[in-house]
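Working through the structure, step by step
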Amino acid sequence: MTDLFGRAHEIGVLDGLIAGARQGGGSLLLRGDAGVGKSALLHAATMIADRHGHLVLTAGGADGDAAPYVSFRRMLPPQMIDAADLPPAQRTALLAATRTDDPAVVPEPFLVGMAALTVLTDAPEDRPITLVVDDAHWLDAQSRAVIAFLGRRLAADPVLLIVATRPVDDPATALDATTTLTVPPLPADAATALLDSVAAGLDPFVRGQILHAARGNPLALTELPRTWARTAPAAATVPVGDHIRTSFAGSYRRLPPISRDVLLIAALDEHRAITEILHAAEIFARRPIPHGALSPSASAALITVSRTDVVFRHPLVRAAVIESEDAERVRAGHHALAVALERSDHRRALTHRAQAAHGTDDILATDLAAAAEEGRHRAETTTAIWLMERAADVTTDPGLRGHRQLIAATWAYELGDRRTVDRLLTHARAEPLAPLDQIRAAWLAEIFTGHGTDILALHRDVQLAWHGGDLELAWDILMSVASRCYWTPPDEPTRQLLAATAQALPVAGSEYRLVFALSGIDQVSHTARILAECRRALTRDVPDANALRMYAMAAVVVGDALVARTFGDEAERLLRAQGRLGLLPHVLLTRIQADWSIGHWDRARTALDEGRRLAAETSQPTWRNSARLNEARLAALTGSFEHLPQTLAEIDAEALRQGTTSFLPRVQVVRGTALVARGRYEDGFDVLRRVFDPQDPLYDPRSTFPAIMFLADAAVHTGRGVLALQLVDGVRRLLGPTPPVDFRVVDAYADAVLTDSEASFLSALEGEAAHWPWVLARLRLAYGTLLRRRRRDADAVPYLQLALAGLSRMGALPWVEQAQQQLRAAGAQTSQPGVVPQQVLNAQELQIATLAATGLSNREIGTQLFLSPRTVGSHLYRIFPKLGITSRGQLTALLNTTPNN
């Protein structure tokens, strides 16, 4: 039955999406208040989908769901999972998420999401699938992440996801979809028709009162007539949801006592099988439960009962049942469930023990804290936080209570959950904390802002934590200090003090922490030490993606883009295989910086595009300014100047607002790069020289590396070659006798251009720049230009043609134009054969085309990029006409990934 009162528009939307799912699905979010009819629309959607021959799969949240994947667990039938051709890692993750026993490891939601996507898109193509998810506002965190993952990736597949949710205040728990439909209250005529259909013959006065009180809410219109005589006095003042709960509560209170006992137990743990509910009810009632004890509840339309399950008519029924009981009976119900589940589900039993507790219970607190630590080791961080916080609640000793709250807050910080951190920190600070806990509290108080506590005070905290025996806390604080130093550099004595402490702290086999700390605190002075540690790590097996990420960040900061790319590529591979999308944007951002310097701009473009999408998907707004700076750099290098000044001004303003002053010299370099690229050499030189001048507030030796080639170009055109040589020599002296490779390759370029020496050009061309396509192309262009000036056009043309090919592949249009001008002046061919993929494909298309060119199948590409094979195929379908080709085999020749030939 899909003929719902007043829902013609909503039914039309559902019918259209379901009918069109065979050509491509997507996701629909039904958003509305409790009782407004979302579940009825989902039921209608199920019937429509069934009529269209869809396979319908369902899931839903329940109030109190916290166990990982408990909401998602019932969505995929076991036979679908068994039939799917899943990669081993995906199958392991999906089985761990969907099995009903206690998993040894809780897998990453994004890996489970990819596995679920594979299962769904592996289903027979002649039968579309409709996924129906009710009460999404109550999904556990992992299930919510999987549902959100699917909703973003189903457009090309014959799979439609329909999700119903109440409005939520917390953006972290909000879901989005390709289509959103707000379900409003019924209009007056539909509300009247619905009321008349369920309660014909009402007294006109009562009828009017109910219509007024229900305010168009369908559940209220169907429920209030049963209880109006008892609830009417409050009709004018009680909200609709409270009216409905009062109605359900009245029906509950009129049940026989034994039926109330059983229904309370069912309400306290909705996911229990009926046999477990009855067992717990016997413990609760202290007597056998007679056959048919649930029948009165079913007759009152509060629940439906199947052979295995009890299903509440509406979530408000559960709320009404629990709210109708006093606290003592609710705690006794939790206690009965804890006893009943002790052998079959120990962790869930412990949860009920916690909810049954009244006052303090140190034995329970110890058990909860131990379970929290176990959950933490299994990567069940959300559940571990809840358990540790509950352990704190029942802890007698105030200091230990505060300590446990701080541990839970530390775990919440690792999830980026600032709201939970702030709440737990507030509670902990109200307790008499031990000295080390006071230090932890101070660290947590300023960790999200990156400022507040004086750096020297934080340094003292590092020392106190170290000597107090908490080395992990000492490193945690020092790593935070290093990050702050990276974004807002302190004075020289402070840097020296912090660096000395970093080198004195025991690393306990975790050298990545040392290199990360030193690279943030004082990368220039400790370049040799950092690079030595990084190169030693290259010879070892480093299985931890986060450690690889820190090595990559340290290497790129101190100036070895090739080493950074090696670490970054391996970290990226591991994170993709493990489905850890939260850390992936950080790795991509590090890799982007390396790829710009080297000249692998295709990789930088695609990483920037994917990183932006994943940062939004994983709620990491702090990535935004770094991403914008890289976008600005891309615009400067590719000649997209129109909006660049405004963008750079906005990045500057945001950096000043956040106190991340290290952004300022980097913005200055991009600004100068754009000026030089546009031929405004005088202005470009003046802008760039500031980052080389130790007396200037924008001075930053590390930011000079990407600026050196542009400074040299500007100097040649403005007659300031001697000054440019002096500025570059100042950086060279600062770096010492063994400067990093990033500096060496651009220094060789500057030396050749500024001295106008043919020997210097040939030396640079044959040196390290051979592995740096960007520098190599610029050297070839500059050398060809030198040869042309010396009227050696025949010698110049091969260098200019190679430069043009390399610059075209990168999309460096300002320098492409220079190469073309030089070639025309030499009387040579300047046109490039065929289509340049980098100029006609967007970043995601380029990423997919590049992977396809290596021979990967659609499924393999999809697994790597967290897309369905059909979505990959849809992209390739659009890519081929853009490139003027008809097959995958032609991609390899078109997408030459080694532009340094």
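Quick note: structure is the one above.
Predicted model, so just to flag it, every value in this text is computed and none were measured.

With that out of the way, let us pick up the overall build of the protein chain. In terms of regular secondary structure, the protein chain is built from 46 helices and seven strands. Rg of the C-alpha trace for the protein chain: 32 Å, near the compact-globule value of 29 Å for 901 residues, within the 12% margin. Oriented by its inertia axes, the alpha-carbon framework of the protein chain measures out at about 105 × 65 × 50 Å. Expressed as a percentage of its 901 residues, the buried residues of the protein chain come to 55%. When contacts within the protein chain are restricted to residue pairs at least 6 apart in sequence, long-range pairs at least 24 apart make up 70% of them. Looking at the protein chain as shown, the accessible area adds up to about 37100 Å², and 54% of this sits on carbon and sulfur atoms. Each charge class in the protein chain can be summarised by its mean position, and for the 91 positive and 100 negative side chains these summaries are 2 Å apart.

What follows is about the sheet that holds strand β5 (residues 179-182). One open sheet holds the five strands; their spatial order is β2-β3-β4-β1-β5, and the pairing between them is parallel. Sheet topology places β2 (55-60) and β5 at the edges, where each strand pairs with a single neighbour. Pairwise comparison of adjacent strand axes, ignoring direction, gives a mean angle of 15 degrees for this sheet. Pairing between β2 and strand β3 (residues 129-134): six bridges, direction parallel. Counted as the bridge partner of L55 is I129 from β3.

A few words now on the side chain of R404. For R404, the position within the fold is in helix α19 (residues 398-414). Look past the residues within four positions of R404 in its chain and what remains in contact with it is A365, T366, A369, M388, A391, A392 and T395.

With that settled, the discussion passes to helix α12 (residues 274-285). Here α12 is twelve residues long and its end C-alpha atoms lie 16 Å apart, about the 16 Å a rise of 1.5 Å per residue gives. Among the residues making up α12, those that are buried are I274, I277, A280, A281, F284 and A285. The buried residues of α12 occupy an angular sector of 130 degrees when the element is viewed end-on, so they sit on one face. Residues of α12 that are buried in the fold lie against α11 (257-268), β6 (303-305), β7 (310-312) and α15 (327-341). Residue R286 follows α12 closely and has a positive phi angle near 60 degrees.

As a further point, take the nonpolar core. Within the largest apolar cluster, 215 residues are counted, with the highest numbers of intra-cluster contacts made by L76, W774 and L807. Looking at this core element by element, the count peaks at eleven residues for helix α27 (residues 545-558). Ignoring any residue separated from it by four or fewer positions in sequence, one finds L807 in contact with W774, A777, R778, L781, A812, W815 and V816. With 48 residues, the next largest nonpolar core counts L195, I289, F312 and V330 among its residues.

Their axes nearest at 11 Å, the elements helix α7 (residues 188-198) and helix α8 (residues 204-214) cross at an angle of 125 degrees. Considering the angle they form, α7 stands oblique to α8. Remark: the crossing between α7 and α8 carries right-handed chirality. Contacts between α7 and α8 involve A191, T192, L195 and D196 on the former and, on the latter, R207, I210 and L211. Its residues assigned to classes, the contact of α7 with α8 shows four nonpolar, one polar and two charged.

Further remarks concern the environment of R573. Here R573 is to be found in helix α28 (residues 561-578). Each C-alpha atom, one on R573 and one on A93, is 17 Å from the other, the two residues being 480 residues apart in sequence. Within the local environment of R573, its side chain forms a polar contact with the side chain of E570, the two groups lying 2.6 Å apart.

With that out of the way, let us pick up unusual backbone geometry. Working note: non-glycine residues mostly have negative phi, and peptide bonds are mostly trans. If you check the backbone angles, D135 has positive phi at about 50 degrees while not being a glycine. Relative to the elements of secondary structure, D135 occurs in the loop between β3 and α6 (141-151). Non-glycine residue R791 carries a positive phi angle of around 60 degrees. Looking at the secondary structure, you find R791 in the loop between α39 (773-789) and α40 (793-810).

So, how was this worked out
- Residues numbered from 1 in each chain as written.
- Predicted model: local features only at pLDDT ≥ 70, side-chain atom pairs only at ≥ 80, totals over all residues.
- Heavy atoms only, no water.
- Helix = DSSP H or I, 4+ residues; strand = E, 2+ residues; numbered from the N terminus.
- Rg over C-alpha atoms; globule rule 2.2 N^0.38 Å.
- Buried < 20%, exposed > 50% of the residue type's maximum accessible area, 1.4 Å probe, protein only.
- Contact = heavy atoms within 4.5 Å.
- Areas by Shrake-Rupley, 256 points an atom, 1.4 Å probe, with all protein chains shown as cover.
- Lys, Arg positive; Asp, Glu negative; His and termini not counted.
- Charge placed at Lys NZ, Arg CZ, Asp CG, Glu CD.
- Pairing = 2+ DSSP bridges.
- Axes fitted to C-alpha atoms, helices over the stretch in contact; angles between N-to-C directions.
- Expected span 1.5 Å × (residues − 1).
- Arc of directions from axis to C-beta.
- Core = buried A, V, L, I, M, F, W, Y, C linked by side-chain atoms within 4.5 Å.
- Parallel < 35°, antiparallel > 145°, perpendicular 65-115°, else oblique.
- Left-handed = near helix turned anticlockwise from the far one by under 90°.
- Nonpolar A, V, L, I, M, F, W, Y, C, P; charged D, E, K, R; others polar.
- Polar contact = N/O pair within 3.5 Å; in protein donor to acceptor, adjacent residues only side chain to side chain.

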